[in-house]
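Spelled out from the first residue to the last, the chains are:
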4 protein chains.
Amino acid sequence: MSGVFGIFTKSGELDVVREAYFALYALQHRGQQSCGIAVNDKGKIMCHKDAGLVPDVFNEMVVNHLSGGQCAIGHVRYGSYTPNSRTDAQPLVAKYPKGMVAIAHGGNIVNADELRDKLHENGAMFQTDSDAELIAYMIAKERLGSNSIEESLLSLMKVLKGAYSMVVMSPKKLIAVRDPYGFRPLCMGQKDGHYIFASESCAIDSIGGEFIRDIEPGEIVVVTNEGVKSYKTDLKVETGRCIFESVYFARPDSVIDGSSVHNARKEAGKYLAKEYPVEADLVCGVPDSGLDAALGYSIESGIPYGVAFIKNRYIGRTFIQPTQGERETAVKIKLNVLKASIEGKRIVLVDDSIVRGTTSANIIKMLRDAGAKEVHLRVSSPPFKHPCYFGTDVDSRDKLIANRMTQDEICKYIGADSLGYLSIENMLKTPVGCKLDYCYGCFTGKYPMDIPEE
Amino acid sequence: MSGVFGIFTKSGELDVVREAYFALYALQHRGQQSCGIAVNDKGKIMCHKDAGLVPDVFNEMVVNHLSGGQCAIGHVRYGSYTPNSRTDAQPLVAKYPKGMVAIAHGGNIVNADELRDKLHENGAMFQTDSDAELIAYMIAKERLGSNSIEESLLSLMKVLKGAYSMVVMSPKKLIAVRDPYGFRPLCMGQKDGHYIFASESCAIDSIGGEFIRDIEPGEIVVVTNEGVKSYKTDLKVETGRCIFESVYFARPDSVIDGSSVHNARKEAGKYLAKEYPVEADLVCGVPDSGLDAALGYSIESGIPYGVAFIKNRYIGRTFIQPTQGERETAVKIKLNVLKASIEGKRIVLVDDSIVRGTTSANIIKMLRDAGAKEVHLRVSSPPFKHPCYFGTDVDSRDKLIANRMTQDEICKYIGADSLGYLSIENMLKTPVGCKLDYCYGCFTGKYPMDIPEE
Amino acid sequence: MSGVFGIFTKSGELDVVREAYFALYALQHRGQQSCGIAVNDKGKIMCHKDAGLVPDVFNEMVVNHLSGGQCAIGHVRYGSYTPNSRTDAQPLVAKYPKGMVAIAHGGNIVNADELRDKLHENGAMFQTDSDAELIAYMIAKERLGSNSIEESLLSLMKVLKGAYSMVVMSPKKLIAVRDPYGFRPLCMGQKDGHYIFASESCAIDSIGGEFIRDIEPGEIVVVTNEGVKSYKTDLKVETGRCIFESVYFARPDSVIDGSSVHNARKEAGKYLAKEYPVEADLVCGVPDSGLDAALGYSIESGIPYGVAFIKNRYIGRTFIQPTQGERETAVKIKLNVLKASIEGKRIVLVDDSIVRGTTSANIIKMLRDAGAKEVHLRVSSPPFKHPCYFGTDVDSRDKLIANRMTQDEICKYIGADSLGYLSIENMLKTPVGCKLDYCYGCFTGKYPMDIPEE
Amino acid sequence: MSGVFGIFTKSGELDVVREAYFALYALQHRGQQSCGIAVNDKGKIMCHKDAGLVPDVFNEMVVNHLSGGQCAIGHVRYGSYTPNSRTDAQPLVAKYPKGMVAIAHGGNIVNADELRDKLHENGAMFQTDSDAELIAYMIAKERLGSNSIEESLLSLMKVLKGAYSMVVMSPKKLIAVRDPYGFRPLCMGQKDGHYIFASESCAIDSIGGEFIRDIEPGEIVVVTNEGVKSYKTDLKVETGRCIFESVYFARPDSVIDGSSVHNARKEAGKYLAKEYPVEADLVCGVPDSGLDAALGYSIESGIPYGVAFIKNRYIGRTFIQPTQGERETAVKIKLNVLKASIEGKRIVLVDDSIVRGTTSANIIKMLRDAGAKEVHLRVSSPPFKHPCYFGTDVDSRDKLIANRMTQDEICKYIGADSLGYLSIENMLKTPVGCKLDYCYGCFTGKYPMDIPEE
C-alpha cells in the first residue's frame, strides 16, 4: 500500500519537515518497512530515509537538521524488513537538468518490467527494483520534450499502467498525481492556508489541517507560490478504487473518496447480520480492523456488543521471537482473550478477512479455551481468492485458504460453529457516498485493466 | 505503579529470560520509564536494565546473553524519562554474605525517609532514592538475626509502611511479597508446572500460563526446588487495595483479587448511567481506558454504543515535540475524532477521570468541531482531589481541577453540556467479586494508614 | 582519495565479506566519511553501506547477514560527514539487463559534468553527484553495443577523463580498472589462491595475503572462475601517478608502483637535510605522516632523532567540540608536546606539507611553550599552491598559504626560526623504484591532462 | 589501572563536564572498559557512565545535559567488556546524610574482602564487587564520628590496605587522595586558576592546563571555594610507586612523580644496549610502548633507529573477529610489518615486556617472513613472574612464560636469535628524577606490604 504526504508553505512560516513527520506518523498503518522525508530548500533537496518506523528513523536532531525548507514530501513503505529496506526507502531524489526532483509513490506499476526493458534498450541502468525509480526515469525521458513537469506527468499517464498515487516535488512545485483508475486514495487539505496532500484524510486531521477534497482519478494537482492548478488526463477509463482500502487498509477515521471508512465497515457488519443471522449472546470484533464491523453487526442484530480481546498497546517494533514451537504464544503476546466477557457465552466473532486460516483457528481456539459456548465467525468481506496487482502484498494464490477449501471446509478447519462471508454485492454498497467504482479483483479475478503475463 | 514479574523453573527447561521479556511486554502499561530483568544462574545473578521500553532495552543479543538460568525476575518502572532513569531502573541486585539477591518492587514506602535516616545513623550509604535499595538494605539488616530470607521479610513487614508488591530472588528461592494492606495487585500462576508471579494476570496469560490465585495481603510465597510455601504476617490490618487499579491502571483483561477489570469498568458505566442519565444519540469512550465504561453506560441506558476517537496505534516511543504553541496538535497526533460518527449527534462521552481538565477540554472541543450537537461528559470515578502516597504519581494537589472548582465550574471549564461523576458508593461496588477492601484516599483524603508528615 | 577493495574466491571457502571488512579497516586512512561492502551471491548482489568508519558501519550481525557469496568489493570514502554521506556511500549497485553490477570507485572524473549533460540529453536522471553513478550509467550505455563488460570498460577509457582506480563486480566477474594515467594506486594480490585487488598493498598484508603486482595504468584485470585476464587500452598517454600518495596519503607500509612509501618519505627527509641543513639538537616529525621524513633527515644530518609529540591513540570518531575560542585546545587534544624531550633544545621539525599554516603555527608555539630554543621547520614537499582535480580534496586556492605569502613570510607567520621546502626536483626522486611518471600539478599548476573550465 | 580526573571551578566559568570529557579522552589508554563523569551542581550530583570508550559513552547531547555545575570528576576503567561493565562503571555516587558524594577510584584494595565482611556483620549490603562502593561505605561509616570528610579519609588511610589514587567530590569540596605507598600516580594542575587533579599529567596538558605538582603518597588535597588545603597521614611507610607505570602503563608525554615517562623508557633502552649489546643493522620498537626504549637502544648502541611495524590508527573499538584458525591475522590487522625497512637486515627489536610469549613469537615470525636476517629481542623490563595485587590485571602465574621457561628456552620458543631482559637494578634507575621508591613485586614477588592470603 504505502502512504504518501506532501506540504507546501508559500510563506515559509510552517516547519514543513515537522508537519511531514507527524503526518507520516498518522499514516504509519500504511507501511512499517521504511520511511523518509525529503525537503526542498530553495531548489536544494535534502532527504533522510531508512528502514524502520517513523519514530525510529527520525529524531529531534535529524528533524532539526532537515528543517528550513518551503516544501516537503514523505513516504511510509509497506512490507516487512528485508536487507534492501534501506535501499528501497522513499522519497526517491532525482537530478535532472532542470533541477532536483523528489518522488513518493504508493501503488504498483503492472507494466514496470516492460517499461524498464525499453529504458534499458536505450542505455538506462537502475539501482533498485522500485517503481519510484522507474517513474523518475520516465519523467526524465518525458521531460526532454515537454514544457513542464506536469505536461510530462500527463504524458506518462498514457504509458504507466497500474496503481499510483504519488506526490512529486520539483524545485518550485508540489504535485499530486493519481492514476486514472484511482486505485489508491489521495486527498488534499490545507493548514492555515498552506496546501497538503496525503494518502488519507487522517494525516491532514492529525496535524490540525482541514480536508479540502479528494484528488480525482487521472488528476494532477500542482501547487506553486502562485496557487493551485489542476490538470486532468483525457484518458477515459472506468475507475477502480481498491475496495480493500475500505475493508481493511485505511484508518477508520479517514474519509476516502467521499465515504467514511468507519461507516463502511459498520455497514459491512450490518449486511453481514442480514446475510448470516445467528442466535448469540455477544458480538465481538477481532482488534483492530474487525471492531467497526462487529459494531454494525450488533446494531443490526440487536445482539449486545462486547469485547473479546485486548491488544497489547505497544506494538510495531522489532521484536524478539518466542522460543520455537510456541506459535500460539506469538498470538497471545499481541492479543489476550477477555475471559470474563466470554465465559459461557455464544459469540459472534467478526473479522475483516481470512487469508491462510491459521490465525482465525488460533483465535477461535482462544475463545473456546476461555469458555465460549459457541463461536460464529463472520467475515466482513467475500472469500479472498485472487492475487492483487495494484499494491497489496498478499500471499500467493496457493496459500489462500479460500482457494483450497469450500466455505464448509474452512469453517471446520478454523473450528467455528458457523462461518459467513459478506457477499460481493453487499460489500460494494458499504462505502456509502463514494463517488467511484471499485477494483475488487482479489475476490473475482477480474481486474479493471489487463494484467501483463507473469 | 510499576509492574513486577518472577518465574522459577525447577528443571531448567524454560528459557526464563525470554518468558520474563514477554511478560514485561504485557505489563508495559504499568511503566514506561525503565525496565530490567535479573536472572539467577546457579547463584550468580546477572542483570540488564536501562531507561526505555521493553523492546528498546532488550534485543535478541541481550536476551541470549542472559539466558540460561533457573529463575528470573523483571520490572517495568512507572514515570517519564529523567536523567536518573538508568540509575533507578530495577531489579536491584544486592550482595549479602549469604549470596546475591535481586529485588523488583512496585509501590511506595511511606516511612522511607525515617528508615533511611536510621540506617544512616548506623553508617549506611545509599546510591539511589529508590525504595528497592532501601528494602535491600533492610533485608541485609534483618537477615543478620534471621534463619532465612522469608523470616527476614516477615520481620520487615512490621517495619515497612506503605505499598509494596515485590518479587525477590535469592540464590535458591523465588519469593513474592505483598504488603498487609494489599495496595497493589500481585498474583501467582504456572506454565507447564513452573511457577510464575506477576503484577497482573494478563502477564501470565500472555506467555501461555495459567492463573492460580492472588497473593494475599500480608502473604509471602516462596518457591524452591522443593515446591511452594506460604507465610502470612500476624499483623492485623484492614486491607486497602487501590481502587484506581480497577478504574484506570490495570489492563482490562486482567483479573485482580477475584474481579475482572473489564467488568468493573463496565459496571462503573452502568452505575453512571443510573446516576446521570441523559437523552443522547451515542455513547463513546475516550480510548483506551474509557471504552469499557462507555459500553456499560450504553448497555444500561440503551443509547447506542459508538466510536468517537481513533487512537494512533504506534504509541509509546520517544517522541518529537510539535512546534510550540501547538498544544492542541499534541492531542490530535494521538487521538483523531471520527467525524462521520459524531456529526449532528448528541454524545455521551465517558472518561475514567479528570486530572487537570485541559485534556478533557481539548477532547470536547474536538467533538464540537466535528459537529457534535451536545457533549455530556461522564466520569467513571469520583472527583479526584487528594494525593496518593502508595505508588501513583499524580499532579500535586493544586493542579487537580476538582480541588479548585465545583462540578458546575468544571463542566463550564471543559465546555461540556453536562458532567457527571460516579459516586464513591457505587464505585466501591464495581469490582464485583473482589475479596478485599479498598484504598480510595485519592477521592476522600482518608487513607488506610497514617501518612508521615511531608 | 577513497580506498577500494575486491576479492574473488573460486571455491567459496573464504568468507569474502569478512576479508573485505578487515581490508577496508586497513584502508581506513584513505577515507573516513562513509564505507560499504557489496557481495555477490550467485548473481544476487547485496550491499551494506553508510556514513561512518568501518567498525561503526559494520557489526557482527551485518557481516553475518551479508556472508556467503563468492565475490565482494568494498569502499571507504574520503571526506568529512555531510547530510549526503549516506547517499554518496559506495559501492554503487546497478541493475542492467545482463544482471546486477557493483562499482567501488576512487578518484575524480574531470569531465563528469559534460558526460552527465550528454546522458541527460538522452533522458537520463541521476540520484547522486557521485562519479560512481555516472560510471555505472556509462557502462550501461556502452554495454549495449559491447560483447562483454570488459569491452565496455575499454571503450569507456577513451571517454572518461580523470582519475579512476576502481573495482567492478558483475554476476560472474571481478574486475579492476586503473585509468591510463594511473593517478591513483591499485594493486593485485592473492590469499590461498584467491585473487584480491586493493588500493594499497597494506590491505593485502593485513588479511594475510600476498602482493602480486600493481595494476598498470590503462589496464583492466578480470578475474573469473576460469582465471585471470588482462586487457590494456591502446590509448597512449604519459603516466601521472599522484606524487602526494607517496608524500602523505598512503600508509607507510604500502608499496605502490614498485616503491615503498616509507622509504620515499625517508628519502624526502634525506634530500631536505641536504637542501636545508641546520645546526640543531634534535630532529622530530609531526605525527604520523612527518615521522618517516624526520628519520631520513636525522640519518642524513647526523642530528639525533627524537620524539616531540604524542598523538592520542583513540582518534577517528565523531567527536565533541571544545568550547568556543579554544582552537588551540583542539590541537592539544590530539597532540601533546613531549616537554622532557624538547626543553632547551634546538629542534628540526619535519612535516609533510603546509596548507593554511594555522596548524603549523599552533604546533610551533607548543614547542616553544615547552622550552624549545629554536624551531626549524622542514617540509617534505614543495609549496602547495594549486588545486587538485584528481581526487584530493584541498582547500581552495585562496586558503593555501603558499599562494599568499613568500617563503619568508610564511616562516614568520608560523613562527619558525627557519623554513625549508623540499624541491620539486628532489621530490620526484623520492619514490625510488617507481616505474611511473608523476602528476605533481598541485605544486606546479601543470597537469597531465587538460582540465575543463570550471 | 584506571584513570581518574577532577576539576573545580570557583567562578563557574569553565564547562567542567566538557573539560572532564577531554581529559578522560587523554587518559583513555588507562582504561577502555567503561567510563563516566559525575558533576556537582549546587550539591546535586548527576552522573553518566556506561561500558565503552569515552567518545562512545558521551555525545554532545549527554554532555550538554550534564553541563552547568561547579565541579566534576571522571573515570576510565581498565579491563575488557564483561556483562557487568555497566554496573561496575564509575564514578560511584553515594547519598549520605550530609549530602551526595561521588568517588572515582583507581587501584586495588587488598583487604577488601575482610573489610566487606566486617561491614556485612553490621548489616551492610553491596551492589557491586567494586572497591569504589566499599570505599563509599567506609566513608559513610567513618563520617559518623568525624568532623569532615577529609578527617574521615585520613582515618580510612589506616584501614584501607592497597593501592588507591582517587578523587572524591562532596557537596562543596573536590578531594584528591593518594595511598601512603603512592602505588598509582596522581597529580595536580590548574587551568586559568581552576584546580585540576588527574592520574597523569598528559590529561592536564590536553585541556590546556598547567601541571602544579604530584599528590604525595599519603596526602589528601582538598579544594573548596576558599582555596586548597593539604593533609598528610601520620602513617609512616616506605613508598612503592608501581614501576610498571614507567615501563608500560603511562603515556610517554606524562611526567609522573618528577620523572618523564618517555625519558625513563629511553633510559631503559640505553641500559639494555649496555647489558645486551649485539651487532645489527637496525633498532626497531614494537608500537607503541616499545618505541621509546628502541630509540634509547639506538642512541646508546649507535645502530640506526628504524621502523619495523605500522600500527593501524583506528584502534580501540568493538571489533569483528577474524574467522577461526586465523590467530595470526588478528595480529596483522593491528600491526603490519614494513618490509622495505626490514628486508635483509639484522634487527634489534625492543618490546616492553613478554607475558605469554605468543605475541612475541608472532611478531618475530612476521619480521622473518619479511626477510629479516636476524632478530634480537630486547625487553625493557625484567622477566615478569609474579602477580600484581595493586591494580594491574595480569594473567595468572601459570600463564607467565617466565615462570615456565628459562631465558634460553623463551628465546627458542619465540624464535629470536638472542634475547635480553633489562636487569632489575638498571630498571630502577630509569625513572630519572623520581622522588619515590618503587613497587616491583611483579619481578621479585616481594611487595611493599603483606598480601592477605587468597
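Here, every reference points to the structure presented above.
Quick caveat, the model's predicted, so the values are computed rather than measured.

Caption draft 1: Looking closely at the interface of chain A and chain B. The interface is formed by 58 residues belonging to chain A together with 58 residues belonging to chain B. For the pair chain A and chain B, the summed buried area comes to about 5,000 Å², and 60% of that belongs to carbon and sulfur atoms. Our enumeration of links across chain A and chain B arrives at 2 salt bridges. For D288(A), the salt bridge is made with R313(B), and the minimal N-O distance between the two is 3.4 Å.

Caption draft 2: Quick peek at the interface of chain B and chain D. Contact residues are listed per partner, giving 29 residues for chain B and 29 residues for chain D. Both faces considered, chain B and chain D share a buried interface measuring about 2,500 Å² in area, 53% of it formed by carbon and sulfur atoms. Area buried by chain B at its contact with chain D is led by K95(B), M125(B) and Q127(B), which between them contribute 27% of it. Viewed at the interface, chain D and chain B are joined by 4 salt bridges. Where K95(B) meets D129(D), a salt bridge forms, and the shortest distance between an N and an O atom there is 3.1 Å. Elements supplying a minimum of two residues to the side of chain B that touches chain D: β3 (44-51), β5 (92-96), α5 (112-121) and α6 (131-143) of chain B. For the side of chain B that touches chain D, a count of residues per class yields 14 nonpolar, 7 polar and 8 charged.

Caption draft 3: Spotlight on the relation of the copies chain A and chain B. For these two chains of identical sequence, chain A goes onto chain B by a turn of 180 degrees and a shift of 0.0 Å along the axis, with RMSD 0.0 Å. Given the turn and translation reported, the copies of this chain are related as if by a two-fold rotation axis. Counting the interface residues of chain A, we find that 100% of their copies in chain B are interface residues as well, pointing to one common contact surface.

Caption draft 4: Region of the structure containing the side chain of T224(B). Residues and elements named next belong to chain B. As for its position among the elements, T224 is in strand β12 (residues 219-224). We classify T224 as buried; its relative accessible area is 16%. Among all residues touching T224, those that are not within four sequence positions of it are F8, K172 and K173.

Definitions and limits used
Residues numbered from 1 in each chain as written. Chains lettered and ligands numbered in written order. Predicted model: local features only at pLDDT ≥ 70, side-chain atom pairs only at ≥ 80, totals over all residues. Heavy atoms only, no water. Contact = heavy atoms within 4.5 Å. Buried area = accessible area lost by both parts, 1.4 Å probe. Salt bridge = Lys/Arg side-chain N within 4 Å of Asp/Glu carboxyl O. Helix = DSSP H or I, 4+ residues; strand = E, 2+ residues; numbered from the N terminus. Nonpolar A, V, L, I, M, F, W, Y, C, P; charged D, E, K, R; others polar. Least-squares fit on C-alpha atoms with pLDDT ≥ 70 in both. Buried < 20%, exposed > 50% of the residue type's maximum accessible area, 1.4 Å probe, protein only.

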